[in-house]
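Structural features, examined
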Amino acid sequence: MCSNLPVPDRLPDPIRARLRGYSTDSHNLRTESCSDVYLFTHPLKQGLILKTRDVRLRPQESDLLQETVALSWLLGKLPVPEFGCFHVEGDTQYLVMTQMEGVTGIHPAVTGDPGHLVREFARGLREVHALSTESCTLDWRMSRFIPWAQGLIKSGALDEEIPEGEDRTFLDDELSDIMEVMPGEEDLVFTHGDYCLPNVMFTDGKLSGYIDLGYAGVGDRYLDLVAARGTIRRNLGEEWIAPFFEAYGLEEPDPEKLDAYQRVHDFGFR
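Numbering of residues begins from 1 in every chain and follows the order in which that chain's sequence is written. Local features in this predicted model are restricted to residues whose pLDDT is 70 or higher, and side-chain atom pairs enter the listing and the counts only when it is 80 or higher, whereas totals over whole chains, interfaces and linings include all residues. To get the side-chain values, take all heavy atoms of the structure and skip hydrogens and water.

Our focus in this paragraph is the overall build of the protein chain. Numbering of helices and strands starts at the N terminus; helices are DSSP runs of H or I of at least 4 residues and strands are runs of E of at least 2. The number of helices and strands found in the protein chain is nine helices and nine strands. A compact globule built from 270 residues would reach a C-alpha radius of gyration of about 18 Å, and the protein chain, at 19 Å, matches this within 12%. Relative to its full complement of 270 residues, the protein chain shows a buried share of 48%. Contacts were defined at the residue level, with two residues in contact if any of their heavy atoms lie within 4.5 Å. Put simply, 69% of the contacts in the protein chain that link residues at least 6 apart link residues at least 24 apart. Carbon together with sulfur atoms contributes 48% to the accessible area of the protein chain, which is approximately 13,500 Å² in total. For the radius of gyration, the atom set is restricted to C-alpha positions; the globular benchmark scales as 2.2 Å times the number of residues to the power 0.38. Each residue is placed in one exposure class: buried if its accessible area under a 1.4 Å probe, protein chains only, is under 20% of its type's maximum, exposed if it is over 50%, and partly exposed if it falls in between. Computed with the Shrake-Rupley method and a 1.4 Å probe, the accessible areas treat only the protein chains shown as cover for residues.

Okay, structure coming up:
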């Protein structure tokens, strides 16, 4: 189970030092992940976000250390939060970063014009995918995903996904099936890793920032495309998927690749 508690009264000294002078209402802004999220405000300075994560909960979720690395690498390349402090104490990770201005892509201020929204959403993904990957050490190629997924199965992290009456062989077989349908060559770009509408920020109707980058790294562009398709279907409706792909510049996405990477997404990032 994931926690949903107010911000702890006692924070590690390095985190307390970084948040000195800031205040919070202790409201947990966590959405679907196990990372707890709190906003800290200051009368004269930019707001700060504190994320905390118990590493014992849902080990298949993105690691805050990986998000820290991604934020550091992306600084000056994309509009992302500025890394403030990372600390580990016991089983808990702590990450402090700056608050991004604007509203997320599921805010009524932007969902009221879905046509404009999907065009901006597509433009944002083109911006992400246009980054040079030359110096990026963050890796989500299939050569990394497969052993990572095998490790999750072996550790029991995915046991709750096993149907009643089955054992871990069910997951091994599912992963083997995925490996068999994967394309022989990857179209490698820098990927956001969880490119959905709640993870992009809008200011004055324009996509202005990217958040939740714990799965970011070098991978096939279809990793982001299937995530984008899913979030558009959930939040806007099926009819806006084709306009998104057209605005991205891919009027006829490869249906076999969509199916293959949807299975990757559902297996490893569910």
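So, about the nonpolar core. By nonpolar core is meant a set of buried Ala, Val, Leu, Ile, Met, Phe, Trp, Tyr and Cys residues that side-chain atoms within 4.5 Å join together. Core analysis: the biggest nonpolar cluster contains 63 residues, and Phe121, Phe145, Phe244 and Phe267 have the highest contact counts within it. Per element, the largest residue contribution to this core is seven residues, and it comes from helix 5 (residues 142-155). Tyr22, Phe40, Leu50 and Val96 belong to the second largest nonpolar core, which has eleven residues in total.

Here six bridges tie strand 3 (residues 83-89) to strand 4 (residues 92-98), and the two strands are oriented antiparallel to one another. Note on strand 4: the bridge partner recorded for glutamate 89 is threonine 92. Strands are treated as partners if at least two bridges between them are detected by DSSP. The turn joining strand 3 and strand 4, which pair antiparallel and follow one another in sequence, is formed by two residues; a positive phi near 65° is taken by glycine 90.

Next up on the list: the side chain of aspartate 220. With respect to the helices and strands, aspartate 220 occurs in strand 9 (residues 217-220). Aspartate 220 gets classed as buried once you look at its relative accessible area, which sits at 0%. Under the rule applied, a polar contact is a pair of N or O atoms within 3.5 Å (in protein, one hydrogen donor and one hydrogen acceptor; residues adjacent in sequence only if both atoms are side-chain atoms). Engagement of the side chain of aspartate 220 in a polar contact is seen with the backbone nitrogen of tyrosine 222, the distance being 2.8 Å. Discounting chain neighbours no more than four positions away, the residues touching aspartate 220 are Glu185, Glu186, Asp187, Leu188, Thr191, Lys257 and Tyr261.

The next point concerns the packing of aromatic side chains. Stacked, edge-to-face and tilted labels apply to pairs of Phe, Tyr and Trp rings (six-membered ring for Trp) whose centres lie within 6.5 Å, assigned for plane angles under 30 degrees, over 60, and everything in between, in that order. Considering all chains together, one arrives at nine aromatic pairs under this definition. With a centroid separation of 5.9 Å and an interplanar angle of 50°, the aromatic rings of phenylalanine 145 and tryptophan 148 are classed as tilted. Here phenylalanine 145 pairs with tryptophan 148, and both are found in helix 5, just three residues apart, close to one helical turn. For the residue pair phenylalanine 145 and tryptophan 148, the accessibility class agrees, reading buried in each case.

This paragraph deals with the sheet that holds strand 3. Strand order in the open sheet made by the four strands is 1-2-4-3, with antiparallel pairing throughout. The outermost strands of the open sheet, each flanked by one partner alone, are strand 1 (36-40) and strand 3. Each adjacent strand pair in this sheet contributes to an overall mean axis angle of 15°, direction not counted. For strand 1 and strand 2 (residues 48-54), the ladder comprises five bridges, and the chain directions are antiparallel. Within strand 2, the residue paired with tyrosine 38 across the bridge is leucine 50. Along the sheet face, helix 2 (residues 64-74) touches strand 2, strand 3 and strand 4 and points at about 25° away from the line of strand 4. Throughout, an axis means a line fitted to C-alpha atoms (over the contacting stretch in the case of helices), and angles, computed between N-to-C directions, take values from 0 to 180 degrees.

As for its position among the elements, valine 55 is in the loop between strand 2 and helix 2. Accessibility expressed as a relative area gives 33% for valine 55, which makes it partly exposed. As for valine 55 and glutamate 252, which are separated by 197 residues in sequence, their C-alpha atoms are 40 Å apart. Leaving out residues up to four positions away in the same chain, valine 55 has contacts with Asp91 and Gln93.

Okay, the packing of helix 7 (residues 222-235) against helix 8 (residues 241-248) next. Relative orientation of the contacting elements helix 7 and helix 8 amounts to 145°, with a least axis distance of 9 Å. The way helix 7 lies across helix 8 gives a crossing that is right-handed. Taking contact as the criterion, the partners of Leu225, Ala228, Arg229, Ile232 and Arg233 in helix 7 are, on helix 8, Ile241, Phe244, Phe245 and Tyr248. Handedness of a crossing follows from how the near helix is turned relative to the far one, being left-handed for an anticlockwise turn of less than a right angle and right-handed for a clockwise one.

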